[in-house]
Amino acid sequence: MKTDNKYDVIIVGGSYAGLSAAMSLGRSRKNVLILDGGLPCNRYTPYSHNFITQDGIFPKEIADKAREQVLKYKTVDLKNSLATEGGKVNDYFEIITDTGEVYNANKLIFATGIKDLLPFIKGFSECWGKTVIHCPYCHGYEFRDKKTGIMIDNEKAFHIAQLVNNLTDKISIITGGNNFLTPEQLKKLKKHNISIIDKEVVEMEQTEGIIKNVVFSDGSKIAFDVIYSSVPFEQNSNIPNQLGCALTDLGYLQVDSSHKTTVEGIFAIGDNSSPMRSVANAVATGNFAGAIVNMELTAEKF
Ligand SMILES: Cc1cc2nc3c(=O)[nH]c(=O)nc-3n(C[C@H](O)[C@H](O)[C@H](O)COP(=O)(O)OP(=O)(O)OC[C@H]3O[C@@H](n4cnc5c(N)ncnc54)[C@H](O)[C@@H]3O)c2cc1C
């Protein structure tokens, strides 16, 4: 039962993962509050790919349609505000928002995503999501046969080179001067005509996010159509930490196979708890966690 600001579940984050969980719960007539800051991580990209029925769609269109469908369920509320604090009061969780409202719930689901920490390289942020991309599955096909740079200064570069080699044979790895490739890897890269550029990038020359040249610290430049990059990240929200949820060594919220965090009653879904970063995965984890939370709430009251 919902009374005033008391809900069965509060979902913090109302993008793909959060809305998916809300749909499972709304369809079971659970009282749900979604709090959403409105800043999904893919907002820089013009097209979202690799999610069946929605391939090549503007990302916001997918989220807008999801919102519209989820909010048809009468027990689901959504507020466009940020959760800023969380705590446990007696048997309930409490969430406070940036507008000073206080909400309570039996369960919490964090669908808060992650924040990419883009490097301070001139032109990089303008190209992010357009011609500087993070994932071959999301955007690689659109750059098939194109001149491709892999600007990653650690062992992940080799893994991406293997995958991208399915899409183009014009590949260079830009190591930034870091010597991380093994002799065995160098031999394999040579076999596939993948060149190595041991230089540091200082600028990406671009127009409206369309890259033209990569400029190196020695002043030289090379033309590329696309650059793969892997940037560090941090959690969007530190409320799970405030509440005692553990992180993995890689910085994700630690969850079990039911998306339960290390704190009873708190769940995490989507990018904040998974390196498999895709809209489809966010939706799948939300769908599953919604069912688990519904089952727990039902069993507790039955
Ligand atoms: C540039 C780029 C391009 C991408 N392209 C693709 C693609 O083509 N295909 C694909 O499948 N995937 C793509 N992805 C990955 C995909 O966007 C993510 O996997 C997906 O958005 C994760 O969904 P999520 O709901 O977990 O998090 P997000 O979509 O990032 O949403 C998190 C939400 O939580 C909200 N939030 C955070 N903290 C709070 C708080 N304290 N209170 C209230 N709300 C909060 C945010 O405002 C946001 O709305 C791309 C990612 C990037 C960065």
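Think of each chain on its own: its residues are numbered from 1, step by step along the sequence as written. Where local features are concerned, this predicted model is filtered to residues with pLDDT of at least 70; where side-chain atom pairs are given and counted, the filter is 80 or more; whole-chain, interface and lining totals use all residues. Hydrogens and water are ignored here; the side-chain numbers use all heavy atoms of the structure.

Attention now moves to the sheet that holds strand 15 (residues 226-229). In spatial order, the strands read 8-15-9-10-11; together these five strands make up an open sheet with parallel pairing. Among the strands making up the open sheet, the edge pair consists of strand 8 (132-133) and strand 11 (195-197). In terms of strand pairing, strand 9 (residues 148-151) meets strand 15 through four bridges, oriented parallel. Among the inter-strand pairings, I150 is bridged to a residue of strand 15, identified as Y228. Being paired, for any two strands, means DSSP has found at least two bridges between them. Going along the chain from the N terminus, every DSSP run of H or I of four or more residues is numbered as a helix, and every run of E of two or more is numbered as a strand.

Under the domain assignment, the protein chain is made up of domain 1 (6-116 + 232-301) and domain 2 (124-229). Domain limits in this description derive from either an automatic procedure or a database domain assignment. Between the C-alpha centres of domain 1 and domain 2 there is a distance of 33 Å. Throughout, a residue-residue contact means that at least one pair of heavy atoms, one from each residue, lies within 4.5 Å. Taken together, the contacts link eight residues of domain 1 with eight residues of domain 2. By definition, the buried area sums, over both parts, the 1.4 Å-probe accessible area that each loses when the two are put together. The junction of domain 1 with domain 2 conceals about 740 Å² of combined surface from both sides, 55% of it contributed by carbon and sulfur atoms. Broken down residue by residue, the surface that domain 1 buries against domain 2 is led by Y44, H49 and R277, which jointly contribute 56%. The rule for a salt bridge is simple: a side-chain nitrogen of Lys or Arg has to be within 4 Å of a carboxyl oxygen of Asp or Glu. The tally of links from domain 1 across to domain 2 stands at zero salt bridges. Partitioning the side of domain 1 that touches domain 2 into residue classes produces three nonpolar, three polar and two charged. The nonpolar class holds Ala, Val, Leu, Ile, Met, Phe, Trp, Tyr, Cys and Pro. Asp, Glu, Lys and Arg form the charged class, and all remaining residues, Gly among them, are polar.

What follows concerns the sheet that holds strand 12 (residues 201-207). Ordered by their spatial adjacency, three strands build an open sheet running 12-13-14, and the pairing between neighbours is antiparallel. Both edges of this open sheet fall to strand 12 and strand 14 (221-223), since each of them pairs with a single strand only. Taking each pair of neighbouring strands and ignoring which way they run, the sheet shows an average axis angle of 25°. Inspection of the sheet shows strand 12 paired to strand 13 (residues 210-216) by six bridges, in the antiparallel sense. Paired with E205 across the bridge in strand 13 is N213. Orientation is described by lines fitted to C-alpha atoms, with helices fitted over the stretch in contact, and by angles between N-to-C directions that extend from 0 to 180 degrees.

As for its position among the elements, I171 is in strand 10 (residues 171-174). I171 has contacts with T148, I150, A161, V164, N165, N193, I194 and S195, leaving out every residue within four places of it along the chain.

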